[in-house]
Structures are given as structure tokens and as C-alpha cells.
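Tertiary structure, described
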Amino acid sequence: MNNRIAWKLTAYFAVVLVLFSLVVGVAFAHFFRQHTVEIKKKEMQVRAVRIAEVISDNMSFLQERYGNSISNSRFIQYLDNVTMEDVWVVDVQRNLNMPAAAAHHMQNRQQGQGRWHHRIQLENNPRAAYDALSAAAKSHIDEVFQGKSFTIEEYNPVLEDIVVTVGVPVYDQNGQIRAAVLLNSSVQGMREAAWEGIRLLLISGMVALLMVIVLSIVFSWHFTRPLNIMKDIAGRLADRDYEARCNIVRNDEIGALAATIDELSGRLQKADEESQKLEKLRREFIANISHELRTPVTVIRGSLEALQDGVVTDAEEVKYYYEQMHRESLFLQRLINDLLDLSRLQNVDFPIEKELLNLCDVIQDVLRSSRQLGAEKQLQITAGTDTDVYVINGDYGRLRQMLMIFLQNSIKFSAVNGSIEIELSDNKLTVTDHGCGIRQEDLQHAFDRFYKARNEHNKSGSGLGLAIAKQIALRHDMQLELESREHEYTKVTVILPPKEKV
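Residues numbered from 1 in each chain as written. Predicted model: local features only at pLDDT ≥ 70, side-chain atom pairs only at ≥ 80, totals over all residues. Heavy atoms only, no water.

**A look at the side chain of His476**
Filter applied, for reference: Put simply, DSSP marks the helices as runs of H or I at least four residues long and the strands as runs of E at least two long, and each gets a number from the N terminus on. Under the rule applied, a polar contact is a pair of N or O atoms within 3.5 Å (in protein, one hydrogen donor and one hydrogen acceptor; residues adjacent in sequence only if both atoms are side-chain atoms). Any pair of residues with heavy atoms lying within 4.5 Å of one another is described as a contacting pair.
You can see His476 is positioned in the loop between helix H14 (465-475) and strand E11 (479-485). Within the structure, His476 has its side chain in polar contact with the backbone nitrogen of Asp395 (distance 2.9 Å). At 2.8 Å, the side chain of His476 forms a polar contact with the backbone oxygen of Ile472. If we ignore the near neighbours within four places in the chain, the residues touching His476 are Ile352, Lys354, Asn393, Gly394, Asp395, Arg398, Leu399 and Pro497.

**Concerning the packing of helix H10 (residues 315-346) against H14**
For clarity, the cut-off: To obtain each axis, a line is fitted to C-alpha atoms, and for helices this fit is confined to the stretch in contact; angles are then taken between N-to-C directions over 0 to 180 degrees. Any angle from 65 to 115 degrees is called roughly perpendicular, while one under 35 is roughly parallel, one over 145 is roughly antiparallel, and all others are oblique. Here a crossing is taken to be left-handed if its near helix is turned anticlockwise relative to the far helix by less than a right angle, and right-handed if that turn runs clockwise. All amino acids are sorted into three groups, where Ala, Val, Leu, Ile, Met, Phe, Trp, Tyr, Cys and Pro are nonpolar, Asp, Glu, Lys and Arg are charged, and the leftover types, Gly among them, are polar.
At a minimum axis separation of 9 Å, H10 and H14 run at an interaxial angle of 30°. When the interaxial angle is binned, H10 and H14 end up roughly parallel. Considering how the two elements wind past one another, H10 and H14 form a crossing that is left-handed. Judged by residue contacts, Asp338, Asp341, Leu342, Arg344, Leu345 and Gln346 of H10 engage Ala467, Ile468, Gln471, Ile472 and Arg475 from H14. Class assignment for the residues of the contact of H10 with H14 results in five nonpolar, two polar and four charged.

**Some words on the packing of aromatic side chains**
What counts is decided by this rule: Aromatic pairing here means that ring centres of Phe, Tyr or Trp (its six-membered ring) are within 6.5 Å. Orientation follows from the plane angle: under 30 degrees is stacked, over 60 is edge-to-face, and everything else is tilted. Both a distance and an angle decide whether a charge sits over a ring: NZ of Lys or CZ of Arg must be within 6 Å of the ring centre and within 35 degrees of the ring normal.
Applying the stated criterion across every chain, the model contains one aromatic pair. Ring geometry for Tyr320 and Tyr321: centres 6.2 Å apart, planes at 85°, overall edge-to-face. Over the ring of Phe145 we find Arg94; its NZ or CZ atom is 4.3 Å from the centre of that ring.

**As for the sheet that holds strand E1 (residues 86-91)**
The cut-off we apply is this: When DSSP finds two or more bridges between two strands, those strands count as paired.
Read across the open sheet, the five strands follow the order E2-E1-E5-E4-E3; overall the sheet is antiparallel. Each having just a single partner strand, strand E2 (96-97) and strand E3 (150-156) make up the two edges of the open sheet. In this sheet, strand E5 (residues 177-186) lies alongside E1 in antiparallel orientation, the contact comprising six bridges. Directly across from Val90, in E5, lies its bridge partner Ala180. Relative to E3, helix H7 (residues 135-144) is tilted by about 160°, and along the sheet it contacts E1, E3, strand E4 (161-171) and E5.

**Looking at the nonpolar core**
So the rule is basically this: We call a set of buried Ala, Val, Leu, Ile, Met, Phe, Trp, Tyr and Cys residues a nonpolar core when their side-chain atoms join them within 4.5 Å. Whether a residue is buried, partly exposed or exposed follows from its accessible area with a 1.4 Å probe, protein chains only, as a fraction of its type maximum: under 20%, in between, or over 50%, in that order.
Among the nonpolar cores identified, the biggest contains 42 residues, and Met402 and Phe406 are the most heavily contacted of them. A per-element tally of this core places helix H12 (residues 396-413) first, with eight residues. Ignoring any residue separated from it by four or fewer positions in sequence, one finds Met402 in contact with Ala469, Ile472, Ala473, Met478 and Val494. Membership of the second largest hydrophobic core comes to 19 residues, among which are Val90, Tyr130, Phe150 and Ile152.

**Some thoughts on the side chain of Thr387**
Counting through the fold element by element, Thr387 comes out in the loop between strand E7 (380-385) and strand E8 (391-394). A polar atom in the side chain of Thr387 sits 3.0 Å from the backbone oxygen of Val389. Setting aside chain neighbours within four positions, we find Thr387 in contact with Cys360, Leu424 and Lys499.

Following this line, the structure appears as C-alpha cells:
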């Protein structure tokens, strides 16, 4: 009962069928009646011609026995009985023969003794019967004696009914018109036939209406069932149940809509999972940043309190405390700068200063700085390029920052006396180290914001370096790829844009 669309579709189908039945019924009633009358007229014309031919074939006998009053012959009455129609014959003297069969027909049709006696009188008086005809009928009979046939539909005062009358001439052996055959048929019978057809049409329409209602209910429920399923799924999605699926397979628009909803639910589920992961990373980041901030602030505060309270008075110890506060303040500055850089680079409205530059110069600059950083571990850092000039449109400082992040990570995770290789070939720049590597479960999150692998080699740091490097690469239309095998190597690949023409 809650499937309102199905009920509406059923009602629409029923209304359309009713209107269609009304239009068809009215048109059928009109054209069927006309068609029935036309068929009857044609049949009567054929019969009248045949009756006239029979009378013509027997005209010599009729004239010899009855003269010009052939309408009074029993032969005409016999034809009336055989044809089961009102067969009238008008001779040249304008006598109208009305056989007894016609009189009995009228007796069955009319009520009242007065009319019946009047009908019998007309049968016994052919001239009076002719005079009782309408002026239009007499005019048509005159045309018959001129060799013309006619078919009319009018009220017949003799039969006291609306009838179809067909008139044809009767010729003798010399080709002279000796009589007119009038064949009469009541229109009432034709109307009854038409109404019988209409009645059958109404019965058929009612049966069809019942069938359509039943079928439309079945089809409507079949049509709307997927819509109800999709409505329920949409409600579950609104309640954050992203595992809900329609699972509707149809090769039509409803199937396409169901597939779209399933795809939407899949994306929402994935987005929800990513959101949960991001929220987890955010909490971890806040905890990490809080820890990273708390440690230097605690050290700086403790050193200042020791100096202020005079706990430390030895010159060497005072110098050590100052150096310690300086180191911690530098760490705070780097942490804050990383946060600011990441925030700025993620803002598409934040401009970077691009100009044409030689990437090979950036590599050499980074190589010099990284060798100083790796001197403590006695690392061997080498660079190889297949060209001396690779011109791109970029920000020198940001590109240097990106490469330094890669090298600083490589230095941090490399063992003593290890090696790091920088290589520029075709449109790819790679930085490879042979340190502890990255675990496979951490590899896919290496460039995520707030992510920091927890191991003995990564106790320090905020976990923002690779995220900053990724944003720098994106701003320069570069792509980053990371490949690593734990305890063997780590390789960062930068897919560069095409060279600029200079």
C-alpha cells in the first residue's frame, strides 16, 4: 500500500484505457452503424435487381393473365414469402401491391386494432396504398419508370417506421418498363445490429480494462520495486552505512541509476575510510607535534631556569646550556617553517617564483650541501647526468628544497660508509640510497600528510618532509614514485616535465 508510484501508474493506465475505449466506442458506434446501413443497402439493391429480373422473366405470363395489374398476382406474393422482405410492386397504373406477408409483419410490429385494420385496408386497395406513400417516395417511383433506380432512408407512413427502400425498374421482353419493385427493410433492425456490436465492444472493453488493471499492477510493482530498493539504499547511505548496495542488474536507465548509486556508495565508503585514516593521521600528527614542541620548550625552559636561578655558574656549563637552547630553538624554527611551507604549498593561490633554470645546476648545488651533511657518516654521494643542460620552468629554491628533503631522508636512513646516488636520465631524476628501506605497509603512505613511520631510525622529525616534497612536485607538474625494499634500498623517482626550448 505504500507503493504510491505503482498505484499512480495503475490509475494512469486505467484512465488512458477508459478514454481510449470511449473514443474508440463513439467512433465505432458511428462508423459501424453507417457501415451496417451501407452493407444493408447494397444487399437490398442486389436483391431488388434479382427480384426485378425474375419478374421480367415471367412478365409475359403475368401480362397475359393480369394485364397491367401485375402487382395483384400471387407470383408477387410468392416472391415476398421467399425473400422474407417487404417486396412491393407498383405497376404502371400506380397500384401498389402489399403481399399478405407484409401485412402479417406489420401485425407483429404495431399495436392497436385500428392500425391493423387500416393496414389490411391498404393491402386490399392497391391504389389507396400507393396514395398513402410520401411525396418523396412517389417522386422516386416516377424516376424508376424513367429507368432509374433509387435507395432512400425515410419514414414510411404505410409501415409507420423508418425504413430503407430500394426501387428498381421491371422490364418486359420488349424492354418497356412495366413495373417498379420496392424492397423495404426497417432501420430498427440495423440499429439493433449496431447496438449489438457496441455491446460486444463494451464487454470487450470491460474485460480488457480488468486485464490491464491486473497487468498494470504487476508491471508497476515490477517497475517500482528497484526504485524502492534504491530509496532504501539512499536512506542507508544518508545514515552513513556505506556498505549498502543496490545489486540491481538491468539494461535500462533504472539499471544505470542503480549502478551509479552503487558506485557512489563505493566512493563514499572509500572516502569514509580515507577520512578515518586522515583523522587518525591528524591525531597522530597533533600528538607528534605536541611531543616535538614539548621537548624543546621543556629543554629551553629548564636551561633558562637553571641559568636564572644561578644553579649553573661554571663558564663551560653556561656555554653548554646556551648551545643547547640554540639547538632547540633551531629545531622549533624548522618545525614551524615546515608547517608553514606545507600550508602555503597546498594553497593553489600561493604563488611560487618560476623562471627558466638549468636543473643540472640545482643538482650540483644540492650535491655540495648533502656531502657536508653526510660527512659525519662518511657517506659517498655521487651524481650522474646524461646531459649538462636540462632547462625547465621552475622555482630554484623550491626545487632545491625538494631534492634536499630526499637527500636528508637518504642520509638519515643510510648506514655508516654507505652510498647515495643521484641520476638524471631522459626525463627522470632518481635519488637512491642503500639504507634500512621502508616497510611495504608504510610505503603507500610515505607522501601522506601527518604520516611518520615509527622505527628506531625515525625517532626525530615531524613527518612533513615528503608531504612538502610532493606539493612542490605537483606545483611543477612533476610526478613522484617511491620504490623500496626493506634492509636493501629506497629509490625516489621524479618524472620531469619536457625540456623548455631556449
